[in-house]
Amino acid sequence: MHIEPGIVTGAKLVLSYATGIAAGGVALKLAVETVREQGAGSFAARTLATTALVFVFFEILPHFPVGVSEVHFILGSTLFLLFGAAPAAFGLAFGLLLQGMLLEPVDLPQYGMNVTTLLVPLFAIQAIAKRIIARNTAYVDLKYGQALALSTTYQAGVIAWVAFWALYGSGFAISNLASVGTFAAAYALVIVIEPLADLAVLALAKSLRGVTAPGLVTPRLHNAA
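The text that follows walks through the structure, step by step, so that each part is easy to find.

About the cut-offs
Residues numbered from 1 in each chain as written. Predicted model: local features only at pLDDT ≥ 70, side-chain atom pairs only at ≥ 80, totals over all residues. Heavy atoms only, no water. Helix = DSSP H or I, 4+ residues; strand = E, 2+ residues; numbered from the N terminus. Buried < 20%, exposed > 50% of the residue type's maximum accessible area, 1.4 Å probe, protein only. Contact = heavy atoms within 4.5 Å. Lys, Arg positive; Asp, Glu negative; His and termini not counted. Charge placed at Lys NZ, Arg CZ, Asp CG, Glu CD. Axes fitted to C-alpha atoms, helices over the stretch in contact; angles between N-to-C directions. Parallel < 35°, antiparallel > 145°, perpendicular 65-115°, else oblique. Left-handed = near helix turned anticlockwise from the far one by under 90°.

Turning our attention to the overall build of the chain. From N to C terminus, the chain includes eight helices and two strands. Listing each helix as α and each strand as β along the chain from the N terminus yields α-α-β-β-α-α-α-α-α-α. Put simply, the chain has 225 residues, and 47% of those count as buried. Within the chain, contacts between residues at least 6 apart in sequence are counted, and of these 81% link residues at least 24 apart. Taken as two groups, the 11 positive and 10 negative side-chain charges of the chain have centres that lie 17 Å from each other.

What follows is the structure in structure tokens.
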């Protein structure tokens, strides 16, 4: 997902910088906790993996311009379940930045908005996961309903932030509302696909239990908390 250039301009961009910095601050706090608990090497390896995957998701997987933004398969909940919140957050931020610097420099002024839109829903699924996944349950043992709840939380967060930026930048004209609605309807279809992707990836991870090198995935993937 990318907020299209020209939707938020001028002084209104200041808010996007503020929210982007705030989201980055939360990600940094999570990173410090992760490094303390699991080591700098593990955090760095998982961040590198998520950065590469995010870049591939944005550039290789199907993506379509719809309304005020684009529909992407971001697979935010998949990244969270495999690598943990902090590496997923940094991977999303770095992957987005890498794409902008190398391929889409026109998107760089919107970076604050886009990184906020990607990271805040990730923090939300971290909070939801603590509520709906028992501490004695490894992520590879999740049920469909739990995966659906995480994916729905992430996608709904993305839709909400895209709608906010579009309305904040361009107002409540009928044409803008229609563009927001079109994007929301199209992006909601991702909710149908992502839980299935989560369960497929988790099933593969479960079959590789004991084979995956320690430190390359979040410890919670194969172990209870």
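As a packed pair, helix 4 (residues 85–102) and helix 5 (residues 111–132) sit with axes 10 Å apart at the nearest point and diverge in direction by 165°. Considering their axes alone, helix 4 and helix 5 lie roughly antiparallel with respect to each other. Here helix 4 runs over helix 5; the crossing is right-handed. Facing helix 4, whose interface residues are A85, A88, A89, L92, A93, L96 and L97, helix 5 presents Y111, N114, V115, L118, L119, L122, F123 and Q126.

Turning our eyes to something else, we now look at the side chain of T19. Among the secondary structure elements, T19 is positioned in helix 1 (residues 13–38). Residue T19 is classed as buried on the basis of its relative accessible area of 17%. Discounting residues that sit within four places of it in the chain, T19 has contacts with G112, T116 and W165.

It is worth stressing that arrangement in space is one thing and function is another; only the former is reported here.
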